[in-house]
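Structural overview
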Amino acid sequence: MKLGVCALALVGATFANVLGAQAADQDITWIYCGDKIDPIHEKYIDQWEAANEGWTVTPEVVGWAQCQDKATTLAAAGSPVGMAYVGSRTLKQFAENDLIVPVPMSDEEKASYYPNIVDTVSFDDTQWGVPIAFSTKALYWNKDLFKQAGLDPETPPKTWAEEIEFSKIIKEKTGIPGYGLPAKSFDNTMHQFLHWVYTNNGKVIDADGNIVMDSPEVLAALQAYKDITPYSVEGPTAYEQNEMRAIWLDGKVAMIQNSSGAASRAQGTDMNWGVTTLPLGPSAKGPGTLLITDSLAVFKGTGVEEKAVEFAKFITSPGPQGEYELQGGAGLTPLRPSAQVDAFVAKDPYWKPFIDGISNAGPEPIFTDYKGFQDVMIEMVQSVVTDQAEPKAALDKAAADLEQYK
């Protein structure tokens, strides 16, 4: 999902008109991203309305590319919707412009999630949204290419050092790149790098809002990027992660890190493949990954905020959410552990590494200017993989540049 954030310069001039702009008309409008509303959500909307006489929920289906921008524009213009599906990365910007209300969670609610997931919607010790979609990454490898290179096809790399070594061997023995490193000017270039940060116990920003990226753990991740680039697909700045996935599915690269979507596509091919947890850096404490969530944000000034929060928590509660995310082909990593999840993994074992990586994972960093943060991270990665800067110099520059966006 590509979630851009509209400039919020209009907010200061227009937000004074928000209060009272919509009467409490017993209807909660919901900007719903996608091509159509999921039947499971339709079912639970009906159930909630039946239990809340006089209240309705009205989804407005908007395409992925426009949905968040529409919610932002309406809020800035003083006509907010009741609730919208947004990238959790944008919650801080919405909150600091006074466009959304908190959605605080009880200790019991927080404990129902896998570790660290609540952090994706939290800052200043407050939750500002409710997670509704979740993705993690794992390492995919082509077993036939491993075998051609003289490597054990059933033994994927467990560490960065092995990943780099295997990539080198595969490139030298087969002529096919060992690893697919995407570095296009695209949001998932930053995401891909953060998976390396979180598989080495690194951080970008701490709970107090301090930039802590200039650390040995993050420097090691950037150095590993430099070290693996010669054995990756040539010209990494031409590719984003889904383009690299297509190259892997075509048998033209041995290893990639990707979401569960690669598994669902690989199952329909003749490729002999495997998937495992992401390889670990020297400072790792265990399996890791970047936690990316989308969430429901409740907008301020509609008069229906309290009931919107209630509905947002209902539609993402264990029953409805579990049914939504575990349906066939949904491609969402489960947000909570459950017996249903255990049965799901038993049926499709390739899901296990996507869940195992959560144990030492980290949230997508929350910045006031998320686009600014993203651009700094992409520039840092690109400068290293194109040999325009050494890792330490690139990291020092990025850490300083991020101060203005936190």
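Residues numbered from 1 in each chain as written. Predicted model: local features only at pLDDT ≥ 70, side-chain atom pairs only at ≥ 80, totals over all residues. Heavy atoms only, no water.

1. Things to note about the packing of aromatic side chains
Short version of the rule: Ring pairs shown here join Phe, Tyr and Trp side chains whose ring centres sit within 6.5 Å, with only the six-membered ring taken for Trp; geometry is labelled stacked below 30 degrees between planes, edge-to-face above 60, and tilted in between. Strands here mean DSSP runs of E at least two residues long; helices mean DSSP runs of H or I at least four residues long; both are numbered from the N terminus. Burial status follows relative accessibility: with a 1.4 Å probe on protein chains alone, a residue under 20% of its type maximum counts as buried, one over 50% as exposed, and anything between as partly exposed.
Summed over the entire model, instances satisfying the criterion amount to 22 aromatic pairs. Ring centres 6.1 Å apart and planes at 80 degrees place the aromatic pair tyrosine 179 and tryptophan 196 in the edge-to-face group. Linking tyrosine 179 in the loop between α7 (160-174) and α8 (187-198) with tryptophan 196 in helix α8, this pair joins segments that are 17 residues apart in sequence. Residue classification places tyrosine 179 among the buried residues on the basis of a relative accessible area of 0%. Accessibility expressed as a relative area gives 1% for tryptophan 196, which makes it buried. When the ring of tryptophan 196 is compared with that of tyrosine 225, the centres are 5.4 Å apart and the planes differ by 90 degrees; the resulting orientation is edge-to-face. Here tryptophan 196, found in helix α8, pairs with tyrosine 225, found in helix α9 (residues 216-228); they are 29 residues apart in sequence, far enough to count as distant. Across the pair, tyrosine 225 and tryptophan 196 agree in class, each one buried.

2. Some details on the pattern of salt bridges
Where we set the bar: Each reported salt bridge corresponds to a side-chain nitrogen of Lys or Arg within 4 Å of a carboxyl oxygen of Asp or Glu.
Counted by the stated rule, this structure contains 21 salt bridges. Residues lysine 43 and glutamate 323 are paired through a salt bridge, measuring 2.7 Å at the closest nitrogen-oxygen approach. Residue lysine 43 is located in helix α2 (residues 39-51), and its partner glutamate 323 is located in helix α13 (residues 318-325); the two are separated by 280 residues in the primary sequence. The salt bridge partner of lysine 397 is aspartate 401, with a shortest N-O separation of 2.8 Å. Taken as a pair, lysine 397 and aspartate 401 lie in helix α17 (residues 391-402) at a separation of 4 residues, close to a single helical turn. You can call aspartate 401 partly exposed: its relative accessible area is 23%.

3. A short note on the packing of α8 against helix α16 (residues 370-385)
This is how it is decided: Between N-to-C directions, angles cover 0 to 180 degrees, with each direction set by a line fitted to C-alpha atoms, over the stretch in contact for helices. Orientation is classified from the angle alone, with under 35 degrees giving roughly parallel, over 145 giving roughly antiparallel, 65 to 115 giving roughly perpendicular, and any other angle giving oblique. Left-handed describes a crossing whose near helix is turned anticlockwise from the far helix by less than a right angle; the clockwise case is right-handed. Any two residues whose heavy atoms approach within 4.5 Å are treated as being in contact.
Across the interface, α8 lies against α16 with an axial gap of 8 Å and an inter-helix angle of 70 degrees. Compared by their axis directions, α8 and α16 come out roughly perpendicular. Relative to α16, α8 is oriented so that their crossing is left-handed. For the pair α8 and α16, the contacting residues are Asp187, Thr189, Met190, His191, Phe193 and Leu194 in the first and Tyr370, Phe373, Gln374, Met377, Ile378, Met380 and Val381 in the second.

4. Points about α8
The condition is simple: By this rule the span expected of a helix is its residue count minus one, scaled by 1.5 Å.
Taking 1.5 Å of rise per residue, the 12 residues of α8 would be expected to cover 16 Å, and the 17 Å separating its terminal C-alpha atoms lies within 8% of that figure. Across the 12 residues that make up α8, a large majority, 12, are buried. Restricting attention to buried positions, one finds in α8 the residues Asp187, Asn188, Thr189, Met190, His191, Gln192, Phe193, Leu194, His195, Trp196, Val197 and Tyr198.

5. With respect to the environment of serine 283
If you trace the backbone, serine 283 turns up in the loop between β9 (273-276) and β10 (290-298). Taking relative accessible area as the criterion, serine 283 reaches 31% and is therefore assigned partly exposed. Not counting residues within four places of it along the chain, the set of residues in contact with serine 283 comprises Asn200, Asn201 and Glu217.

6. Structural notes on the nonpolar core
Threshold: Throughout this description, the term nonpolar core refers to a set of buried Ala, Val, Leu, Ile, Met, Phe, Trp, Tyr and Cys residues connected via side-chain atoms within 4.5 Å.
Counting residues in hydrophobic clusters, the biggest one holds 79 residues, and the most contacted among them are Trp30, Tyr140, Trp248, Trp273, Phe299 and Phe311. In terms of nonpolar packing, the next biggest core, distinct from the first, is built from 52 residues, Ala183, Leu194, Ala394 and Ala399 among them.

7. Focus on the environment of phenylalanine 311
When you line up the elements, phenylalanine 311 lands in helix α12 (residues 305-315). With 13 residues separating them in the primary sequence, phenylalanine 311 and valine 298 have C-alpha atoms 10.0 Å apart.

8. Details of the side chain of histidine 191
One can find histidine 191 in helix α8. For histidine 191, a relative accessible area of 6% gives the class buried. Sequence-distant contacts of histidine 191, that is, excluding residues within four places in its chain, are made with Arg89, Leu290, Ile292, Glu364 and Tyr370.

9. Some points on the confidence of the model for the chain
To keep things clear, this is the line we draw: The predictor attaches a confidence to each residue, called pLDDT, with possible values from 0 through 100.
With 93% of its residues at a pLDDT of 70 or more, the chain shows a mean pLDDT of 91. The low-confidence segment residues 1-24 (pLDDT under 50) makes 58 contacts with residues lying over four places distant or belonging to another chain.

10. Overview of the packing of α2 against α12
Convention followed: Classification convention: Asp, Glu, Lys, Arg as charged; Ala, Val, Leu, Ile, Met, Phe, Trp, Tyr, Cys, Pro as nonpolar; all other residues, Gly among them, as polar.
Direction vectors running N to C along α2 and α12 enclose 130 degrees, while the axes themselves pass 11 Å from each other. Our classification of the angle between α2 and α12 gives oblique. Judged by the sense of rotation from one axis to the other, the crossing of α2 with α12 is right-handed. Of the residues in α12, those touching α2 at His41, Tyr44, Ile45, Gln47 and Trp48 are Lys307, Glu310, Phe311, Phe314 and Ile315. In terms of residue class, the contact of α2 with α12 is built from 6 nonpolar, 2 polar and 2 charged.

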